[in-house]
Amino acid sequence: MKHILKNIMDAVLAVAAVSFAVACDKSGTDTETVYLPLSYFNIAGVWELVEWNGEPLADGTYACIELTRQHEFTSCSNIRTTSNVAEVLTGEFDIDNEDNTVGGYYDYMDYMQWSHRYVVSELTSDSMIWTATDDPSEVRVYSRIDAIPEGLIPDTDDEEETL
């Protein structure tokens, strides 16, 4: 009888150990990505373009955009200039929550609109994807960064002091 009780006790302990191991394993790997709704609050910040149309940016190429809760943006990029000098563009943007899109216009040339409106998907606190509404092959992947890197935007205060 003592032998049977020992076998039952061993079986119960083995089942408990396996159950505990499975529970621990699930809690460590069961992290589901939480996507945020598109809003001025959630999209505000500085974003770096890390992938464009399925490809990472070429070495030495950069593009950043700062979006504010006041619907303003500052963009800096050397994609069109192919030099270390940034092309800096400013303007305003808007969000359409009905179709989950963002679009905008520049402060120059009679407030010229962006080339596309973009569907914003997979928005998290660290990344987001923009897909052009009129060209699904135009896809931009952004990662959040702390600030536009120093030196990318010319310091206009220094220029004004020398005039």
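Scroll up to find the structure this text is about.
Attention here is on the structure that accompanies the text. (Residues numbered from 1 in each chain as written. Predicted model: local features only at pLDDT ≥ 70, side-chain atom pairs only at ≥ 80, totals over all residues. Heavy atoms only, no water.)

Quick word on the packing of aromatic side chains
Counted under the stated rule, the structure contains 9 aromatic pairs. Between F73 and Y106, the ring centres sit 5.8 Å apart and the planes meet at 75 degrees, which makes this aromatic pair edge-to-face. Taken as a pair, F73 in strand β4 (residues 72-77) and Y106 in strand β6 (residues 101-106) lie far apart in primary sequence, 33 residues in all. Take F73: its relative accessible area is 3%, and that puts it in the buried class. Taken together, a centroid distance of 5.3 Å and an interplanar angle of 75 degrees make the contact between F73 and W114 edge-to-face. Taken together, the positions of F73 in strand β4 and W114 in the loop between β6 and β7 (118-121) put the pair 41 residues apart, joining distant regions of the chain. (Phe/Tyr/Trp six-rings, centres within 6.5 Å; stacked < 30°, edge-to-face > 60°. Helix = DSSP H or I, 4+ residues; strand = E, 2+ residues; numbered from the N terminus. Buried < 20%, exposed > 50% of the residue type's maximum accessible area, 1.4 Å probe, protein only.)

Here's the deal with a nonpolar patch on the surface
The grouping of Y108, M109 and M112 at the surface amounts to a nonpolar patch, some 290 Å² of accessible area in total. With respect to the element layout, M112 can be found in the loop between β6 and β7. (Patch = residues over 30% accessible without salt bridge, like charges linked within 9 Å, V, L, I, M, F, W, Y side chains within 5 Å. Areas by Shrake-Rupley, 256 points an atom, 1.4 Å probe, with all protein chains shown as cover. Salt bridge = Lys/Arg side-chain N within 4 Å of Asp/Glu carboxyl O.)

Some details on the state of the cysteines
The bond known as a disulfide is covalent and runs between the sulfur atoms of two cysteines. The tally for this structure, following the rule as stated, stands at 0 disulfides. Residue C64 stays outside any disulfide, its sulfur separated by 4.4 Å from that of C76, the closest cysteine. Since its relative accessible area comes to 0%, C76 is described here as buried. (Disulfide = S-S within 2.5 Å.)

Side note on the environment of N78
Positionally, N78 belongs in the loop between β4 and β5 (87-96). Note on N78: relative accessible area 2%, which makes it buried. Apart from residues no more than four positions distant in its own chain, N78 is found in contact with G60, T61, Y62, S83, N84 and V85. Within polar-contact distance, the side chain of N78 engages the backbone oxygen of G60 at 2.8 Å. (Contact = heavy atoms within 4.5 Å. Polar contact = N/O pair within 3.5 Å; in protein donor to acceptor, adjacent residues only side chain to side chain.)

Some remarks on the pattern of salt bridges
With the rule as written, the count across this model stands at 3 salt bridges. Between E138 and R140 there is a salt bridge, and its shortest N-O distance comes to 2.9 Å.

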